[in-house]
Amino acid sequence: MALHLNDSGLIKTRAYINGEWISSRNSISVRNPCDSSLIARVAKAGCFEAQHAIDSAYQALQPWQAKAAKERASILRKWFNLIMESQEDLAKILTAEQGKVLAEARAEIAYGASYVEWFAEEAKRIYGDTIPAPSSDKRVVCIKQPVGVVACITPWNFPNAMLTRKIAPALAAGCTVVCKPASETPLSALAIAELAHRAGIPKGVINIVVGNAHEIGRVLTKSPLVRKLTFTGSTEVGKSLVADCSTTLKKTSMELGGNAPFIVFPDADLKAAISGLMASKFRNSGQTCVCTNRVLVHEKIYEEFKQKLTSTIKENLVLGHGDREGVTNGPLISQTACETVDRIVQVSLAKGAKLELGGKPSRLGVCFYPPTVLSDVTNDMPAAREEVFGPLVSLIRFTSEEQAIAIANDTDVGLAAYFYTRDIGRVWRMGEALEYGIVGINEGIISNEMAPFGGIKESGHGREGSKYGLDDYLEIKYMCMGGIDD
Ligand code: NAP
């Protein structure tokens, strides 16, 4: 499939190491999930390229961290400008390899770039501390320093933003990076590497290798030169990477899976709740880590909410190819992803859930699954226990605030939760009781570069974005000065 871009130089198909594009004998086929057509073949890296990338990042570390914060900030700002100037081309690449509709792809490019802009600004605010000393002849000072070489492993669902959310704070802090984007969606990562190159980010500061996840992962986690691993992806892989990092005691940040509850109380503004749910459930066809996974509705408004939601979905959502006018929802990432959603639907139906809408794979192609609504779901069904990663709404009935909290917290993960109410007391009680890193209150869209994004429990640790986002890339050094008294 030919991609028509204003700037064809953004299609890169080799590894980016030490400022150079490196080919390899093997390749990975990148396909459009709409129709499986071939978009490009990308050089498949392994242990050798991963080690070369680590060595290059290590070489580049000292000169990059020695630059004045203002200079790093200004280079990052140039990168931000170039990304936004190429927004349309980057969005086309993203839609082709990932499947999301063009409007969402444009929004992802702007969202991803906003982290580069934010951390360009934050680079100048890496403050230390002076601390009152325990005796008059001492002075106590803390400085913050970059952790060193950072390995970044990212998933396919936000192939641009998940990477900029890691590279931007790392570079702002003075770290250098080796990145491994998902094999399904490497072109978005390589395109922003090209723009980083043009922005004047020095060679070796950013390195990108695409390829065998196990081989590259092993080299990155075992290397003593890599001082931190930041990973976004599944909880299962995250756990095994943390275990692998233990041999060199690396710092880790883990942005893992979720199982978000969306709770609607009887006093909620139902129109706002439905609109918040539509946004939080169906963005990227349900393939985001903060997507609503379980919809808990109070019994008093359950039937009304179900009717209104089902008709809103029927009237507003159009399944199809992401680059076509009028389409609101693209394909899922793969046939396997579709089969997983279908299995969750069928097993939940067999266990007593009721089908209100959808529920059968679409005829559009093997990666398409239609918006689906199940009612009478209980928290023990797969629709409520598993992270669905597809356009399935599961409606669960509840009778009291206490019961809603108990159901919402009955999961091993804790990334995002949402609730709708107009009772200010309940806002505080619920906000404090929900065991989640992010809580949307009368709001379905919660992620932006100014706020700390991250989970608790098995959703991981560390925060991306906000003034806290730099901490994960910094070490605190305490310096004790004696002999001050005459
Ligand atoms: P995944 O299978 O864990 O893959 C994510 C990345 O890890 C890919 O680059 C993959 O490479 C790589 N990988 C897989 N096995 C590896 C190994 N043994 N060693 C090193 N790297 C390895 O996750 P996914 O299915 O792509 O993404 C969906 C998951 O990500 C969901 O659970 C979602 O909730 C989570 N997510 C979380 C956040 C957040 O911020 N909390 C954001 C977005 C997504 P290959 O592609 O080459 O296999």
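In this text the structure is predicted, and so the values were computed from the model without any measurement.

Calculation notes
Residues numbered from 1 in each chain as written. Predicted model: local features only at pLDDT ≥ 70, side-chain atom pairs only at ≥ 80, totals over all residues. Heavy atoms only, no water. Helix = DSSP H or I, 4+ residues; strand = E, 2+ residues; numbered from the N terminus. Buried < 20%, exposed > 50% of the residue type's maximum accessible area, 1.4 Å probe, protein only. Near = heavy atom within 4 Å. Polar contact = N/O pair within 3.5 Å; in protein donor to acceptor, adjacent residues only side chain to side chain. Areas by Shrake-Rupley, 256 points an atom, 1.4 Å probe, with all protein chains shown as cover. 1 Å grid on protein atoms, 1.4 Å probe; cavity = no way out; pocket = protein on both sides within 12 Å on 5 of 7 lines; lining within 4 Å. Sits in = over half its atoms within 2 Å of the grid points. Nonpolar A, V, L, I, M, F, W, Y, C, P; charged D, E, K, R; others polar. Domains from an automatic or database assignment. Contact = heavy atoms within 4.5 Å. Buried area = accessible area lost by both parts, 1.4 Å probe. Phe/Tyr/Trp six-rings, centres within 6.5 Å; stacked < 30°, edge-to-face > 60°. Points joined across faces, edges and corners; volume = space filled by probe spheres on them. Salt bridge = Lys/Arg side-chain N within 4 Å of Asp/Glu carboxyl O. Pairing = 2+ DSSP bridges. Axes fitted to C-alpha atoms, helices over the stretch in contact; angles between N-to-C directions. Core = buried A, V, L, I, M, F, W, Y, C linked by side-chain atoms within 4.5 Å. Expected span 1.5 Å × (residues − 1).

Time to look at unusual backbone geometry. Phi at Asn-284 takes a positive value of approximately 55°, unusual for a residue other than glycine. Tracing the backbone through its elements, the reader meets Asn-284 in the loop between α9 (270-282) and β13 (292-298). You will see that Ser-285, though not glycine, has its phi angle at about 55°, which is positive. Of note, Ser-285 is situated in the loop between α9 and β13. Ser-285 sits in the buried class, given a relative accessible area of 5%.

The next subject is the site of the ligand. Neighbouring the ligand are 30 residues, the closest being Thr-154, Ser-183, Ser-234, Leu-256 and Glu-387. Contacts to the ligand include Ser-183, whose side-chain N or O atom sits 2.5 Å from an oxygen atom. Ala-213 places a main-chain nitrogen or oxygen 3.3 Å from a nitrogen atom of the ligand. Protein contact buries 85% of the 910 Å² of open area that the ligand shows by itself. Here the ligand occupies the largest pocket. Those elements giving two or more residues to the shell around the ligand turn out to be α5 (161-173), α7 (213-222), β10 (226-232) and α8 (235-245). Per-element accounting of the shell around the ligand gives the leading share, 3 residues, to α7. Across the shell around the ligand, the residue classes tally to 15 nonpolar, 10 polar and 5 charged. Counting residues domain by domain, the shell around the ligand receives three or more from each of domain 1 (8-256 + 459-478) and domain 2 (260-448).

The assigned domain composition of the protein is domain 1 (8-256 + 459-478) and domain 2 (260-448). When each unit is reduced to the centre of its C-alpha atoms, the spacing between domain 1 and domain 2 is 31 Å. Every contact between the two is made by 22 residues of domain 1 and, on the other side, 25 residues of domain 2. Surface buried jointly by domain 1 and domain 2 totals about 1,800 Å² across both partners, of which 58% is contributed by carbon and sulfur atoms. Three residues, Cys-34, Trp-156 and Ser-459, lead the burial of domain 1 against domain 2; their summed loss comes to 27% of the area buried on that side.

Glancing now at the packing of aromatic side chains. Geometrically, a pair of aromatic rings is defined through the distance of the ring centres and the angle of the planes. Evaluation of the coordinates by the stated rule reveals 6 aromatic pairs. Their ring planes at 90° and their centres at 5.2 Å tell us that Tyr-111 and Tyr-115 sit as a pair that is edge-to-face. With Tyr-111 and Tyr-115 both in helix α4 (residues 102-122), this residue pair falls 4 residues apart, about one helical turn. Among the residues examined, Tyr-115 registers a relative accessible area of 0% and is labelled buried. Relative to Tyr-418, the ring of Phe-262 has its centre 5.8 Å away and its plane inclined at 35°; by these criteria the two rings are tilted. Of this pair, Phe-262 sits in strand β12 (residues 260-264) while Tyr-418 sits in strand β18 (residues 416-420); the two residues are 156 residues apart in sequence, bridging distant segments of the chain. Pair check on accessibility: Phe-262 and Tyr-418 agree, each one buried.

Before going further, it helps to spend a moment on empty space enclosed by the protein. Applying the stated criterion to the full structure yields 1 cavity of 30 Å³ or more. In this structure, the largest cavity occupies an estimated 40 Å³ of space. In the lining of the largest cavity, the residues fall into 5 nonpolar, 5 polar and 2 charged.

Turning to the pattern of salt bridges, a few remarks are in order. As enumerated under the stated definition, the model contains 22 salt bridges in all. Glu-108 is paired through a salt bridge with Lys-100; the nearest N and O atoms lie 2.5 Å apart. When the shortest N-O distance is used, the salt bridge between Glu-464 and Lys-166 registers 2.7 Å. Of the two residues, Glu-464 is situated in the loop between β21 (460-461) and β22 (474-481) and Lys-166 in helix α5; the sequence distance between them amounts to 298 residues. Accessibility expressed as a relative area gives 0% for Lys-166, which makes it buried. Connected through salt bridges with shared partners, the residues Asp-7, Lys-12, Glu-194 and Arg-198 form a single ionic network.

Attention shifts here to the sheet that holds β18. Strand pairing in a sheet takes place through backbone hydrogen bonds and is either antiparallel or parallel in direction. The 7 strands are arranged β14-β15-β16-β13-β12-β18-β19 in an open sheet whose pairing can be described as mixed. Two strands bound the open sheet, and with one partner strand each, they are β14 (354-357) and β19 (438-441). Going across the sheet, the axis of each strand differs from the next one's by a mean of 25°, ignoring polarity. Examined bridge by bridge, strand β15 (residues 372-375) and strand β16 (residues 392-398) share 3 bridges and lie parallel to one another. Along β16, the bridge assignment pairs Thr-372 with Leu-392. With respect to the sheet, helix α11 (residues 335-350) is in contact with β14, β15 and β16, its orientation differing from that of β15 by roughly 25°.

With that settled, consider the nonpolar core. Counting 66 residues, the largest nonpolar core has Trp-79, Ile-83, Leu-171, Val-177, Ile-206 and Ile-208 as its most contacted members. A total of 10 residues in this core trace back to one element, the largest contributor, which is α4. Core analysis: the second largest hydrophobic core is formed by 34 residues, Val-341, Tyr-369, Phe-398 and Leu-434 among them.

Here helix α6 (residues 186-199) spans 20 Å end to end across 14 residues, near enough to the 20 Å set by a 1.5 Å rise per residue. Counting buried positions along α6 gives 12 out of 14 residues, so the element sits mostly inside the fold. Taken residue by residue, α6 has Pro-186, Leu-187, Ser-188, Ala-189, Leu-190, Ala-191, Ile-192, Ala-193, Glu-194, Leu-195, Ala-196 and Ala-199 as its buried positions.

On to the side chain of Thr-411, then. Topologically, Thr-411 is positioned in the loop between α13 (401-409) and β17 (413-414). According to the relative accessible area criterion, Thr-411 is buried, its value standing at 10%. Among all residues touching Thr-411, those that are not within four sequence positions of it are Asn-259, Arg-294, Arg-385, Tyr-436 and Lys-457.

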